[in-house]
Amino acid sequence: MIADDRVVICGSANLNDRSQLGNHDSEIAVLIEDYTPIQSSMNGKPWTASRFGASLRRELFRKHLGLLSPQDWQRPDANFEPVGSPNRFDFDAPESQVVADPLSDTLDSLWNTRARTNTEVFRKVFHAVPDDTVRNWATYKEFHGYYFQPRKGDKGDKGDKGDEGQQDESKPAQYHWGHVVRDSFPPGPEGAQQVKELLSQVKGTLVEMPLMFLIEEDVAKEGLRLNHWTEPLYT
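Residues numbered from 1 in each chain as written. Predicted model: local features only at pLDDT ≥ 70, side-chain atom pairs only at ≥ 80, totals over all residues. Heavy atoms only, no water.

Participant: Summarise the packing of helix α4 (residues 105–126) against helix α6 (residues 188–199); cite the residues concerned and give the values.
Facilitator: Where α4 meets α6, the axes come as close as 10 Å, and the angle between the chain directions of the two elements is 155 degrees. One way to sum up the angle between α4 and α6 is to call them roughly antiparallel. By crossing handedness, the relation of α4 to α6 is classed as left-handed. From α4, Val121, Lys124, Val125 and Phe126 reach across to α6, where they touch Val195, Leu198 and Leu199. Within the contact of α4 with α6, the residues separate by chemical class into 6 nonpolar, no polar and 1 charged. (Axes fitted to C-alpha atoms, helices over the stretch in contact; angles between N-to-C directions. Helix = DSSP H or I, 4+ residues; strand = E, 2+ residues; numbered from the N terminus. Parallel < 35°, antiparallel > 145°, perpendicular 65-115°, else oblique. Left-handed = near helix turned anticlockwise from the far one by under 90°. Contact = heavy atoms within 4.5 Å. Nonpolar A, V, L, I, M, F, W, Y, C, P; charged D, E, K, R; others polar.)

Quick look at the structure:
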């Protein structure tokens, strides 16, 4: 957690009772306060931040937005050096200035646009789940299961063991998870070019949170609900 570009808490704890109550999981964290001031901005106003907190937050934002410069391992800089060597961060770089104010409308628009574009590309090319367009099990089977889950053969097929007239249970999935769903594109070079053009739009690592995934289904099943044994363990 980076607060106000000044204070950093870095550790293993999650924001849930298992981590925070102190009587479940064991956690560890460090509190980092750097008193080296830098002039920045917050919500459109001048702001004095700390060098470490601000540089870490900007570097993470640039990573998620795809704004980091390529690193060449054959041309090491100060950031390649082990602990004890000062890190280098260019606060004046255009990419750094874009993310300088975490509350600016410009950054908010860029953040959401990148997340939307990346999500739409992954949806089209990979049929990744969870996805907001998949709101029930029928859509799940059509969007994901049809391509990535093993298929039952038709009666009359010969299975690996088998006999004619028996159902073949050994047909593999059409695609490995994470591979391009070719059915969504024309065959041959035209389809490959379309995939390349779509993937070239992906920047950084942001995607939208799929809050509508399976919203039309009651995914709780009997036997998996919390009870007097599981509730203290998982809550």
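Participant: Account for the sheet that holds strand β1 (residues 2–3), with residues named and values stated.
Facilitator: The 3 strands lie next to each other as β1-β2-β3, forming an open sheet whose pairing is antiparallel. The strands lining the two open edges of the sheet, one partner per strand, are β1 and β3 (29–33). Pairing analysis gives 2 bridges linking β1 to strand β2 (residues 7–11), with the strands arranged antiparallel. The partner of Ala3 across the bridge, within β2, is Val7. (Pairing = 2+ DSSP bridges.)

Participant: So what's going on with the packing of helix α2 (residues 51–65) against α4? Residues and values would help.
Facilitator: A packed helix pair is summarised by two numbers, namely the angle formed by the two axes and the spacing between the axes. Where α2 meets α4, the axes come as close as 10 Å, and the angle between the chain directions of the two elements is 40 degrees. It follows from the interaxial angle that α2 and α4 lie oblique. Seen from α2, the contacting residues are Phe61, His64 and Leu65; seen from α4, they are Leu107, Leu110, Trp111 and Arg114. Across the contact of α2 with α4, the residue classes break down as 5 nonpolar, 1 polar and 1 charged.

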